[in-house]
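One letter stands for each residue in the lines below.
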Protein chains: 6
Amino acid sequence: MPLFDLPLERLRDYRPDRDEPADFDAFWSRTLAETREFALDAEFTPHAPPFAHVEVYDVSFAGWGGHRINGWFLLPRGAQAPLPCVVHYIGYGGGRGFPHQHLLWPAAGYAVFVMETRGHGGASVQSPGVTGDPHGAGGPQAPGMMTRGIMDPDDYYYRRVFADAVRAVDAAAAHPAVDAGRIVVSGGSQGGAIAQATAALHPSVAGACVDVPFLTHFRRAVEITDRDPYQELVRFLASRRDSAEQVFRTLAYFDGVNFAARGRVPALYSVALMDFVCPPSTVFAAYNHWQGPKEITVWPWNGHEGGSGYQQEEQRRFLAELLV
Amino acid sequence: MPLFDLPLERLRDYRPDRDEPADFDAFWSRTLAETREFALDAEFTPHAPPFAHVEVYDVSFAGWGGHRINGWFLLPRGAQAPLPCVVHYIGYGGGRGFPHQHLLWPAAGYAVFVMETRGHGGASVQSPGVTGDPHGAGGPQAPGMMTRGIMDPDDYYYRRVFADAVRAVDAAAAHPAVDAGRIVVSGGSQGGAIAQATAALHPSVAGACVDVPFLTHFRRAVEITDRDPYQELVRFLASRRDSAEQVFRTLAYFDGVNFAARGRVPALYSVALMDFVCPPSTVFAAYNHWQGPKEITVWPWNGHEGGSGYQQEEQRRFLAELLV
Amino acid sequence: MPLFDLPLERLRDYRPDRDEPADFDAFWSRTLAETREFALDAEFTPHAPPFAHVEVYDVSFAGWGGHRINGWFLLPRGAQAPLPCVVHYIGYGGGRGFPHQHLLWPAAGYAVFVMETRGHGGASVQSPGVTGDPHGAGGPQAPGMMTRGIMDPDDYYYRRVFADAVRAVDAAAAHPAVDAGRIVVSGGSQGGAIAQATAALHPSVAGACVDVPFLTHFRRAVEITDRDPYQELVRFLASRRDSAEQVFRTLAYFDGVNFAARGRVPALYSVALMDFVCPPSTVFAAYNHWQGPKEITVWPWNGHEGGSGYQQEEQRRFLAELLV
Amino acid sequence: MPLFDLPLERLRDYRPDRDEPADFDAFWSRTLAETREFALDAEFTPHAPPFAHVEVYDVSFAGWGGHRINGWFLLPRGAQAPLPCVVHYIGYGGGRGFPHQHLLWPAAGYAVFVMETRGHGGASVQSPGVTGDPHGAGGPQAPGMMTRGIMDPDDYYYRRVFADAVRAVDAAAAHPAVDAGRIVVSGGSQGGAIAQATAALHPSVAGACVDVPFLTHFRRAVEITDRDPYQELVRFLASRRDSAEQVFRTLAYFDGVNFAARGRVPALYSVALMDFVCPPSTVFAAYNHWQGPKEITVWPWNGHEGGSGYQQEEQRRFLAELLV
Amino acid sequence: MPLFDLPLERLRDYRPDRDEPADFDAFWSRTLAETREFALDAEFTPHAPPFAHVEVYDVSFAGWGGHRINGWFLLPRGAQAPLPCVVHYIGYGGGRGFPHQHLLWPAAGYAVFVMETRGHGGASVQSPGVTGDPHGAGGPQAPGMMTRGIMDPDDYYYRRVFADAVRAVDAAAAHPAVDAGRIVVSGGSQGGAIAQATAALHPSVAGACVDVPFLTHFRRAVEITDRDPYQELVRFLASRRDSAEQVFRTLAYFDGVNFAARGRVPALYSVALMDFVCPPSTVFAAYNHWQGPKEITVWPWNGHEGGSGYQQEEQRRFLAELLV
Amino acid sequence: MPLFDLPLERLRDYRPDRDEPADFDAFWSRTLAETREFALDAEFTPHAPPFAHVEVYDVSFAGWGGHRINGWFLLPRGAQAPLPCVVHYIGYGGGRGFPHQHLLWPAAGYAVFVMETRGHGGASVQSPGVTGDPHGAGGPQAPGMMTRGIMDPDDYYYRRVFADAVRAVDAAAAHPAVDAGRIVVSGGSQGGAIAQATAALHPSVAGACVDVPFLTHFRRAVEITDRDPYQELVRFLASRRDSAEQVFRTLAYFDGVNFAARGRVPALYSVALMDFVCPPSTVFAAYNHWQGPKEITVWPWNGHEGGSGYQQEEQRRFLAELLV
């Protein structure tokens, strides 16, 4: 059934109780403090051959554990600095790809800082990656990244990723061409989840574009969708039948609804009603908890691709208003 | 078997006999003459809201039958005209999409003219289209475009498309910012087939970027691959069992190997050895017939996505050398 | 879940509100008037070699736009004219096939007039077609026929088809062996939709056999089934995200529930409870709006094949009573 | 690869050695003698309600083991007896279906006798069956009929079926309206295999129409196709890994190439070059061994559906010439 | 949706009305009496080469109709007789496999008697079978065993199987090393259904381990799951559209809920909430009707594999307590 | 095509050239020396509740990097020590599962030591795992284990696994009940690859049972099979198009053909001719290079399951002869 989730009128009001650990904020404060013990050491190397109208840098910086995290940094050549900057996070499975895949925001007059998700991108034919996750896991995992280290919040894969993401904002802010007060985070699916978390964790982010976010409202997600990557969790639990309590304890530190409840900046969400990968109720669960100014674009006939180009036109409008 | 076609060393020499109608050139001369009876009437409407660093136009012009064909025209804002221009054709099923999906060549310092393929794009979630094919067909067709009007070369769908494509070069050349002597055609898959044909049919094209071209060496394609869209032909022949002779007679006017044999300008091809959609032998069949200066990038581990971003880096190099 | 739609007891009462344009009747009057401006010009050519006991004619007539529409006309050889006649419409994707596939009604003592659906049949291995749709479309379409011209009711594919279907009754009535007062329309799936519409649009039809009708209650269909051909609509809307209002405005002129509400003659419907292609609630939606004498056969364990041979036995009984 | 088997020019000459048990003829003589010990006891019950122009009988007779085998018998009402008769056998999985599915030959002026394959038809939505196989099997079987009793030729399922088929010819010949000297056997796939065997086993059959026959050249079939039903054999052998010798010993008594080598009457074969179910080399293996007058229709673009309606037109021509 | 059935809290209370024929007990008394007319004739042949620490016997006995039913009998070598014994039944499609696949209970100190399900195992690569079902069926069947003889309870396949299963307990009890008062039945899926029925039918069984039982609450199963083997029933009914009443009449004699209602001995059930093959509501339907002492292990994240090794650890505990 | 690889007669002779790095032995000496710097620290903890006739220990030891590697150790209770011991490695994706899944060799009179493959088992419903791989990777990876650290032999996942495997033999030898001179390694698929490598790397192994080994003859494997896990390599190369040379340089240190060429002890291989996962030519490539006494069981009708229980019967025979 294409319309498999709640009807739109109920989604508008869907604001489930959140399962939040008492030490949620302490956990993240400690994590970020640990991460910031490593000097940021952001490097910007010009990419060759150059583009006539866009400056392109191969960037890296020290993320969680001091591990090198790679990305791209682009800005319109000859533009008047300082510029607003979009820090962009990548969807599940993708790497940073090629600079020419990130020309939208430079064309619009902004800088863009693309952060690679560690360990991803090794099987993406469109967006190859280069960044590894040098940290393994203390226990077995289902293939994919969803269950790497899932038996312990400190060991969990997304702890490292979200910490990297906060440092990516620091790295962008460190570039002389960037106006540190006008940094916006963005991303779709996994990238949307990272943007959502970063907007909650980083004090100086100015706004967020969150498309069809993943990693949000896990409890409902694993019951309502049989698609990957949420199903990685189910496969793990189907194997390690005695681990459910521990798994969900870990996930509570990473659940998008808990980050959304800490969102104070303007946010533009999008959701698709036929999205079997990130079901609409899980997206509305976060959106309805978001505390800041917000709007959401609903795509009634789309799956996980959501609004794609249409949504990017929405974002151009949203950012033009936000970043004047 | 991933390596399902000939081994690379045999592909390098694979240059099959061509099945070319005696009136091939006459057919196309007549077709283009007919098409040019309609005034080009190219219109360039600024797209709103504007991009800070790129000028974007919603374009249309009169294609075959005088039908309006839509597209995009982008150039770097404030660049020194006249500029080289890439005329880009779209792959099967796609429409022109959004302007921000075509920022590569403006960033590199060129104009880009994107021509929509009539009738396509109605089911593409990433690249919606707006251009119809007001001409139907005298007989039934298999779903898709491959067999629309296939019983008669004059009625065949790609006759209209290739004629549109030639007119797209005229339309690009008509823009004051474009240097008509430095127009290059490009495209992948169906777009590659159109670029290949246009390079043969339009006298003033300066070069061609042809990626994993479709519509090439039909006879072998339908025997070696069971994937769409080539299989549209097989489905048609499996239904209309008495039509094979007529169908292949029509296709001979549209076969990429016959256009390649008329290619005189520098060309950069690409091919993927695990491409089940446009099998490598069909690509080499055309490449080995190409008469002009040429090079080919071989992607040994890829399917129909070919080199994607890697290949676009190759094209940046190729065009930088060609268009100085 | 095999029983995916409403339970039978609720289906029996399912009679949703209809979304009917104010000018529905005017639209169709105008359409039929336009169509009838072309002389019918029905031709009946004997098919060779002849069958010993059945007369077979290859027929054609002028449908919408004066386009030639093909079909078969069969009657029992040596039967006493005038005969009752079944005008039969074809399911989605099929052509008229071969005369020997239409021997049921001649064996039962009736004539049968089989109308081909323009443009279909190009990929049907069992029922090849020969009739084209010379009219294209003003905009792009998803593969298949469902969205050809869908942005405008006047341009929509099924406008031409339903107009052809009305003329098919005229053509059957024009044959000297046919008793024009005893013409029944029939069909399954798309053919059922056409029969349902024709029964409403043609004043002299005497009855209708409507099996698992397609093109009926579009709004619910696209939400409840993920199967083709209804999904062609969803694919189009997923691409052209801003077109939903216009698309449903067009569809309202073609929705089976609106034709059913104009049905005055005796009708025999059939429905299958596990039919994922034409879900049972969409069928009951029409059936429960039908105004004339009616009965419906419910096949609880079947998918879109419905009752097939069992239902044809029902039809033999129904027609025997109706056409005495 | 659609053209997965030998190229046509090699198929024309493909005549592999046959693996024939020394007692092949004795085995079948004994089998038929055993079967004929049961009185034929053919019953013809009029089917109600009657068709105006065709007489329809629900028939049954004593097959192997005296088990009742069901079918249909149809002839043109009021035709001049005695008539030629087509004895038709059903494809794998199908039952006899409904009388109106067998109107072709009565329309052409012949009687038709449709024999049901025992045990089949229990899952066919188009052609339900009514005949059981009261004999089980001495060992386990893979689902389907291919391996029922396969460890012993005397216990093998098709021994009973082929014996039934010979008796079906007897039953047809026993009807007063049938000209026993003008009985032709026909069938497609499994039906083709049965027709092929019956033409070899029954002394008075006058011709055979054999379409894309199954159960022919087993050794090659199981190596070249991964489709059912041949794969039932592979599944059995993959389970019972020590049974291959015994299994192929059994199959040698039932292999179509051994029956073809005994075919003396005129035969019309058909074969499809993209038939993954009954690969073309297995069909040509039999055809090239056939000893009688023969012709074969080659369908180059089709799968297992072969020529379908086109081939039935061929058969009308073939029978018209044969049965004058 | 992974959680496709009722939520756990409703499953706990789900105890649907049962459809039980008035002569249910008489039917089974008669069946068992008939079966016991054949001497049991249990044979225990040592399997070679021997295992150092386990005695292994190839066993057979006379089941329904006196047909030989095969299996394995294992006991710890040198253990103190008499021993408790687990009589184990096999899941759908499997045969008895190899002795080394049944070492669990001998390691735990019990004997194990493995009964093969007649006719199964012919396509199981892990668990080949050797036992046939010499009794065929009076009518056609869908592939698989579910509909063999389904038009008549006396002819139905599972009548023979359940009768065999009761005799398997007799055979185990007949072995001198077995303590006939401490025989427990066990099995998963089909094996669970057989164990459930045998516990109800055999007076001296001491307990039952019933995992994710099949053949239970048919009415709901065929409506809620589209997986095999329950779908064999739907395929049969979709073909034989007029047989539903008769089919469900037969099934009522074999429905697990009716056996569960006769269960008086201690039982350990297991159920999986994401089991699309044997949906959890059908399992709870039986469990909630079970009359004896009972417990059920719920596996919330598993499909039809249920608890597998985890559940076998549960069974070790359960049997250790039961069989002291 | 089921028989997709070379025919058996060519497989018997298939002995391709090997691509072996000059420092292959040095690499492994260094690796094992590094690993042995960590004290073995093998722990054997009794598993509860106990089995009556088998002693079961939960074992762990220090593998590569000193990481704890888990497993099971079982021996027949009360048997006369020292015993021969089978060290068993697990197939791709599986963990150590449950002790009762490893009762074969204790029943046969041997001890068995089951080593878990680090990081696997997180999604196996039958064989859950508990051992993690605390070492991550310096670059991105495709999902699965095949490409973890593949850009550098020192960082490659299987370097750690093979080193663990050598230490597992040390750990087994350290148990007082084990006769260190009669240790045999075994495994199927990935487990076969590990057994094959360990037999080459560990000086005191007495024999090897290698079933359908994976990780062998990579170059051919990735060209001939499109199945996982070999396809993980292709997905990585399709993404990281510039990495092929480096990837194959790494793989050469891990290729089974290079270990087979160092095999000196008696080996029992098995291979399946329809194995699309580990194609038969890749197995024969290793087998034909094996230097010690050897035999191979060929399963002509099987896929990757190979001989399963049949092969285990072969192994019982092979070990009975080897370990007397």
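All values derive from a computational prediction rather than experimental measurement.

S.K.: Before we move on, can you summarise the overall build of chain A with the specific residues and values?
M.R.: Looking only at helices and strands, one finds eleven helices and nine strands in chain A. With respect to the three principal axes, the spread of C-alpha positions in chain A is 55 × 45 × 35 Å. Across the 324 residues in chain A, those meeting the buried criterion constitute 68%. In chain A, the share of contacts with a sequence separation of at least 24, taken over all contacts with a separation of at least 6, comes to 74%. Accessible surface computed for chain A: about 9900 Å², of which carbon and sulfur atoms make up 51%. Distance between charge centres in chain A, computed from 27 positive and 36 negative side chains, equals 1 Å.

S.K.: Pulling in residues and values, what's your account of the relation of the copies chain F and chain A?
M.R.: Its rotation angle being 180°, the transformation that places chain F on chain A also includes 0.0 Å of axial translation and leaves an RMSD of 0.0 Å. With respect to symmetry, the two chain copies, as superposed, fit the operation of a two-fold axis. Considering only C-alpha atoms, the residue of chain F closest to the rotation axis is Gly136(F), which sits at 1.9 Å. A high fraction, 100%, of the interface residues of chain F reappear at the interface in chain A, so the copies pair face to face through one surface.

S.K.: Mind laying out the sheet that holds strand E8 (residues 267-272) of chain B, listing which residues take part and the relevant values?
M.R.: In sheet architecture, strand pairing relies on hydrogen bonds along the backbone and comes in two forms, parallel and antiparallel. Residues and elements named next belong to chain B. Pairing is mixed in the open sheet, where nine strands are placed in the order E1-E2-E3-E5-E4-E6-E7-E8-E9. With one partner strand each, in any of the chains shown, strand E1 (43-46) and strand E9 (294-299) form the two edges of the open sheet. On average, each strand axis in the sheet is tilted by 20° relative to the strand beside it, whichever way the strands run. As paired elements, strand E6 (residues 178-188) and strand E7 (residues 207-211) share five bridges and run parallel to each other. Note on E7: the bridge partner recorded for Gly188 is Asp211.

S.K.: Requested: an account of the interface of chain B and chain A, with residues and values cited.
M.R.: At the interface, 28 residues of chain B touch 28 residues of chain A. Of the roughly 2300 Å² buried between chain B and chain A, counting both surfaces, carbon and sulfur atoms make up 63%. Across the contact surface, chain B and chain A share zero salt bridges. On the surface where chain B and chain A come into contact, there are 14 residue pairs in polar contact (both at pLDDT 80 or more). Elements that contribute at least two residues to the side of chain B that touches chain A include exactly helix H3 (104-108) and helix H11 (309-322) of chain B. When residues of the side of chain B that touches chain A are assigned to their parent elements, the largest contribution, five residues, is made by H11(B).

S.K.: Any chance you could break down the pairing of strand E3 (residues 68-76) of chain C for me, citing the residues and the numbers?
M.R.: All names here are of chain C. Of all nine residues making up E3, eight are buried, and the element is well covered by its neighbours. In terms of strand pairing, strand E2 (residues 54-62) meets E3 through nine bridges, oriented antiparallel. Residue Phe61 lies in a different strand from E3, and its bridge partner there is Ile69. Between E2 and E3, which follow one another and run antiparallel, lie five residues, and Gly65 among them has a positive phi close to 70°. Inspection of the sheet shows E3 paired to strand E5 (residues 111-115) by four bridges, in the antiparallel sense. Counterpart to Phe73 in the pairing with E5 is Phe113.

S.K.: Tell me about unusual backbone geometry, and please be specific about residues and values.
M.R.: Of note, the amide linkage connecting Asp228(A) to Pro229(A) takes the cis form, showing an omega dihedral of 0°. With respect to the helices and strands, Pro229(A) occurs in the loop between helix H6 (218-224) and helix H7 (230-239). With an omega of -5°, the peptide bond running from Ala48(C) to Pro49(C) counts as cis. A positive phi angle is found at Asp41(B), which is not glycine, with a value near 50°. On the basis of relative accessibility, which here comes to 43%, the residue Asp41(B) falls in the partly exposed class. The phi angle at Leu215(B) is positive, at roughly 60°, despite the residue not being glycine.

S.K.: Requested: an account of the interface of chain F and chain A, with residues and values cited.
M.R.: Taken together, the contact pairs 31 residues of chain F with 31 residues of chain A. For chain F, the biggest contributors to the area lost against chain A are Gly122(F), Pro140(F) and Ser239(F); these three give 23% of the whole. Our count for the contact surface shared by chain F and chain A stands at zero salt bridges. Scanning the region where chain F abuts chain A turns up 16 residue pairs in polar contact (both at pLDDT 80 or more).

S.K.: So what's going on with the relation of the copies chain B and chain A? Which residues, and what values?
M.R.: Least-squares fitting of chain B to chain A yields an RMSD of 0.0 Å, with the superposition described by an axial translation of 0.0 Å and a rotation of 180°. A symmetric contact is evident, with 100% of the interface residues of chain B recurring at the interface of chain A.

S.K.: Explain helix H5 (residues 190-201) of chain A residue by residue, including any values.
M.R.: Residues and elements named next belong to chain A. A rise of 1.5 Å per residue sets the reference length of H5, with its twelve residues, at 16 Å; its end C-alpha atoms lie 16 Å apart and thus fit the reference within 8%. By the criterion of burial, H5 is predominantly enclosed, with eleven of the twelve residues buried. Inspection of H5 places Gln190, Gly191, Gly192, Ala193, Ile194, Ala195, Gln196, Ala197, Thr198, Ala199 and Leu201 among the buried residues, and these make up the whole buried set.

S.K.: Got a sec to walk through the side chain of Arg316(C)? Specific residues and values, please.
M.R.: Among the structural elements, Arg316(C) can be located in helix H11 (residues 309-322). From its side chain, Arg316(C) meets the backbone oxygen of Pro50(D) in a polar contact 3.3 Å long. Contact partners of Arg316(C), with chain neighbours within four places excluded, come to Leu104(C), Trp105(C), Ala108(C), His47(D), Pro49(D), Pro50(D) and Phe51(D).

S.K.: A description of the pattern of salt bridges should follow, citing residues and the corresponding values.
M.R.: Residues and elements named next belong to chain C. Taken as a whole, this structure holds 133 salt bridges over all chains when the rule is applied. With a closest N to O distance of 4.0 Å, Arg159 and Asp154 form a salt bridge. A relative accessible area of 2% places Arg159 in the buried class. Linking Arg317 and Glu314 is a salt bridge whose minimum nitrogen-to-oxygen distance equals 2.8 Å.

S.K.: Explain the environment of Val271(B) to me, using residue names and the numbers behind them.
M.R.: All names here are of chain B. Relative to the assigned elements, Val271 resides in strand E8. Between the C-alpha atoms of Val271 and Pro153, which are 118 residues apart in sequence, the distance is 28 Å. Ignoring any residue separated from it by four or fewer positions in sequence, one finds Val271 in contact with Val212, Pro280, Val283, Phe284, Ile296, Thr297, Val298 and Trp299.

S.K.: Outline the UniProt feature "domain: Acetyl xylan esterase" (unreviewed entry) in chain A, listing residues and values.
M.R.: Mapped onto the present numbering, the UniProt feature "domain: Acetyl xylan esterase" (unreviewed entry) falls at residues 1-321 of chain A. Here residues 1-321 of chain A is 32% helix and 19% strand, with 38 Å between the C-alpha atoms at its ends.

S.K.: Explain the packing of aromatic side chains to me, and be specific about the residues and the numbers.
M.R.: All names here are of chain D. Overall, the coordinates contain 174 aromatic pairs over all chains when judged by the stated rule. Ring centres 6.4 Å apart and planes at 85° place the aromatic pair Phe44 and Tyr57 in the edge-to-face group. Of the two residues, Phe44 sits in strand E1 (residues 43-46) while Tyr57 sits in strand E2 (residues 54-62), which places them 13 residues apart along the sequence. The exposure class assigned to Phe44 is partly exposed, which follows from its relative accessible area of 24%.

S.K.: Give me the pairing of E2(D): which residues, what numbers.
M.R.: All names here are of chain D. Burial analysis of E2 places seven of its nine residues in the buried class, which makes it a mostly covered element. The pairing of E1 with E2 spans four bridges and is antiparallel. By the bridge assignment, Phe44 is partnered in E2 with Val59.

S.K.: Got a sec to walk through the environment of Tyr157(A)? Specific residues and values, please.
M.R.: Residue and element names in this part refer to chain A. Counting through the fold element by element, Tyr157 comes out in helix H4 (residues 157-174). On the basis of relative accessibility, which here comes to 0%, the residue Tyr157 falls in the buried class. Along the chain, Tyr157 and Ala206 lie 49 residues apart, while their C-alpha atoms are 26 Å from each other.

S.K.: Let's hear about the packing of helix H7 (residues 230-239) of chain C against helix H8 (residues 244-252) of chain C: which residues, and what values?
M.R.: Residues and elements named next belong to chain C. Running from N to C, H7 and H8 point in directions that differ by 150°, and their axes come no closer than 10 Å. Considering the angle they form, H7 stands roughly antiparallel to H8. Along its contact with H7, which presents Leu233, Phe236 and Leu237, the element H8 presents Ala244, Val247, Phe248 and Leu251. For the contact of H7 with H8, the per-class residue count stands at seven nonpolar, no polar and no charged.

S.K.: Any details on the sheet that holds strand E9 (residues 294-299) of chain A? Residues and values, ideally.
M.R.: Residues and elements named next belong to chain A. Read from one edge of the open sheet, nine strands run E1-E2-E3-E5-E4-E6-E7-E8-E9, paired in mixed fashion. Since the sheet does not close on itself, it has two edges, and those belong to strand E1 (43-46) and E9, each with one partner. Between one strand and the next, the sheet's axes are offset by a mean angle of 20°, whatever the strand orientation. Most of the contacts of H5 go to strand E6 (residues 178-188), to which it runs at about 140°, and overall it touches strand E4 (83-89), E6, strand E7 (207-211) and strand E8 (267-272).

What counts and what doesn't
Residues numbered from 1 in each chain as written. Chains lettered and ligands numbered in written order. Predicted model: local features only at pLDDT ≥ 70, side-chain atom pairs only at ≥ 80, totals over all residues. Heavy atoms only, no water. Helix = DSSP H or I, 4+ residues; strand = E, 2+ residues; numbered from the N terminus. Buried < 20%, exposed > 50% of the residue type's maximum accessible area, 1.4 Å probe, protein only. Contact = heavy atoms within 4.5 Å. Areas by Shrake-Rupley, 256 points an atom, 1.4 Å probe, with all protein chains shown as cover. Lys, Arg positive; Asp, Glu negative; His and termini not counted. Charge placed at Lys NZ, Arg CZ, Asp CG, Glu CD. Least-squares fit on C-alpha atoms with pLDDT ≥ 70 in both. Pairing = 2+ DSSP bridges. Axes fitted to C-alpha atoms, helices over the stretch in contact; angles between N-to-C directions. Buried area = accessible area lost by both parts, 1.4 Å probe. Salt bridge = Lys/Arg side-chain N within 4 Å of Asp/Glu carboxyl O. Polar contact = N/O pair within 3.5 Å; in protein donor to acceptor, adjacent residues only side chain to side chain. Expected span 1.5 Å × (residues − 1). UniProt positions renumbered as here; feature names shortened; annotations may be inferred. Phe/Tyr/Trp six-rings, centres within 6.5 Å; stacked < 30°, edge-to-face > 60°. Parallel < 35°, antiparallel > 145°, perpendicular 65-115°, else oblique. Nonpolar A, V, L, I, M, F, W, Y, C, P; charged D, E, K, R; others polar.

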